[in-house]
Amino acid sequence: DAMVIQNPRYQVTQFGKPVTLSCSQTLNHNVMYWYQQKSSQAPKLLFHYYDKDFNNEADTPDNFQSRRPNTSFCFLDIRSPGLGDAAMYLCATSRGTSGVYEQYFGPGTRLTVT
Amino acid sequence: AQTVTQSQPEMSVQEAETVTLSCTYDTSESDYYLFWYKQPPSRQMILVIRQEAYKQQNATENRFSVNFQKAAKSFSLKISDSQLGDAAMYFCAYRSAEPGNTPLVFGKGTRLSVIA
């Protein structure tokens, strides 16, 4: 059973052309996270939502935005993608923000910027 | 800031053998959580095992066990009776137990190959 779903799995966009990545969950979790994972690197947290409360990591570029219209869905918007934004983008969910709660990851969306 | 170091970019193991993946971390906190995540090729990352820092007993999950050495800030993963399905990227991760949201801090990963 799919629990954290990401669409599309592969996305190609042009330099500077806005792109939106989608994440949905069937777990009814309060928290949704977006991570960026560049090739051969560790995942890096961009931001998260606790319900409707948005929390941005301090070093996340302004070029990255997020929306969470309801519990099930969360979107990552990249306003003007640069070549350096090519990466795997991982969505994750958890029941709460404490470390006691497991994070469930989606399969990721691989973004290519041409 | 906390850091997690995985010093083995790649490892290989024969099927049915045992392999140990290394992880060290740096923190000034006394209470935290440590995790090993598995990321198979083109599939989602899943939690393999979790250790709570205040528990001295090493966590085990079937063929997976950890060697948690708090004083040494070491958290290695042992995979026994390795199977072909164990081939994946393995990430060690740290998370503070402080109230509120604290991010998962990942190591760079170890790519494990299993040889038939």
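Predicted model only: the values in this text are computed from it and were never measured.

Draft legend 1. Expanded view of the state of the cysteines. Residues and elements named next belong to chain A. Summed over the entire model, instances satisfying the criterion amount to two disulfides over all chains. Disulfide pairing is shown between Cys23 and Cys91; the S-S distance is 1.9 Å. Between Cys23 and Cys91 the disulfide shows an S-S torsion of about -75°. By sign, it is left-handed. Here Cys23 is found in strand β3 (residues 19–25), whereas its partner Cys91 is found in strand β9 (residues 87–94), with 68 residues between them in sequence. Grouping residues by exposure puts Cys23 and Cys91 together as buried.

Draft legend 2. Fine view of the layout of surface pockets. As a volume, the largest pocket reaches approximately 380 Å³. Taken together, 20 residues make up the lining of the largest pocket; nearest its centre are Gln37(A), Met88(A), Arg110(A), Gln39(B) and Arg111(B). For the lining of the largest pocket, the class distribution of residues is eight nonpolar, seven polar and five charged. The computed volume of the second largest pocket comes to approximately 230 Å³. Lining the second largest pocket, in full, are Glu102(A), Leu47(B), Val48(B), Ile49(B), Arg50(B), Gln51(B), Glu52(B), Lys55(B), Gln57(B), Asn58(B), Ala59(B) and Glu61(B). For the lining of the second largest pocket, the element with the highest residue contribution is strand β6 (residues 46–52) of chain B, accounting for six residues.

Draft legend 3. A look at the side chain of Asp77(A). Residues and elements named next belong to chain A. Locating Asp77 in the fold gives a position in strand β8 (residues 73–78). Overall, the relative accessible area of 13% leaves Asp77 in the buried class. A distance of 2.6 Å separates polar atoms of two side chains, one belonging to Asp77 and the other to Thr20. Polar side-chain contacts of Asp77 include one of 2.7 Å to the side chain of Arg67. Excluding its chain neighbours within four sequence positions, the residues that come into contact with Asp77 are Val19, Thr20, Asn63, Phe64, Gln65 and Arg67.

Draft legend 4. Just the nonpolar core, in detail. If you look at the biggest cluster of nonpolar residues, it comprises 26 residues, and the most contacted ones within it are Tyr25(B), Trp36(B), Phe75(B), Leu77(B) and Tyr90(B). Looking at this core, the elements that each hand over two or more residues are β3 (19–21), β5 (32–39), β6, β8 (64–69), β9 (74–79), β10 (88–96) and β12 (110–115) of chain B. With four residues, β10(B) is the largest single contributor of residues to this core. Beyond its immediate chain neighbours, meaning those up to four positions away, Leu77(B) contacts Val19(B), Thr20(B), Leu21(B), Trp36(B), Ile49(B), Phe64(B), Ser65(B), Val66(B) and Tyr90(B). Phe105(A), Met45(B), Met89(B) and Phe91(B) belong to the second largest nonpolar core, which has 19 residues in total.

Draft legend 5. Quick look at the sheet that holds strand β1 (residues 4–7) of chain A. Residues and elements named next belong to chain A. With respect to topology, four strands assemble into an open sheet ordered β1-β3-β8-β7, the strand pairing being antiparallel. The outermost strands of the open sheet, each flanked by one partner alone, are β1 and β7 (64–67). For this sheet the average axis-to-axis angle between neighbouring strands, irrespective of direction, equals 20°. By the bridge criterion, six bridges tie β3 to β8 in an arrangement that is antiparallel. Note that in β8 the partner of Leu21 across the bridge is Leu76.

Cut-offs used in this document
Residues numbered from 1 in each chain as written. Chains lettered and ligands numbered in written order. Predicted model: local features only at pLDDT ≥ 70, side-chain atom pairs only at ≥ 80, totals over all residues. Heavy atoms only, no water. Disulfide = S-S within 2.5 Å. Helix = DSSP H or I, 4+ residues; strand = E, 2+ residues; numbered from the N terminus. Buried < 20%, exposed > 50% of the residue type's maximum accessible area, 1.4 Å probe, protein only. 1 Å grid on protein atoms, 1.4 Å probe; cavity = no way out; pocket = protein on both sides within 12 Å on 5 of 7 lines; lining within 4 Å. Points joined across faces, edges and corners; volume = space filled by probe spheres on them. Nonpolar A, V, L, I, M, F, W, Y, C, P; charged D, E, K, R; others polar. Polar contact = N/O pair within 3.5 Å; in protein donor to acceptor, adjacent residues only side chain to side chain. Contact = heavy atoms within 4.5 Å. Core = buried A, V, L, I, M, F, W, Y, C linked by side-chain atoms within 4.5 Å. Pairing = 2+ DSSP bridges. Axes fitted to C-alpha atoms, helices over the stretch in contact; angles between N-to-C directions.

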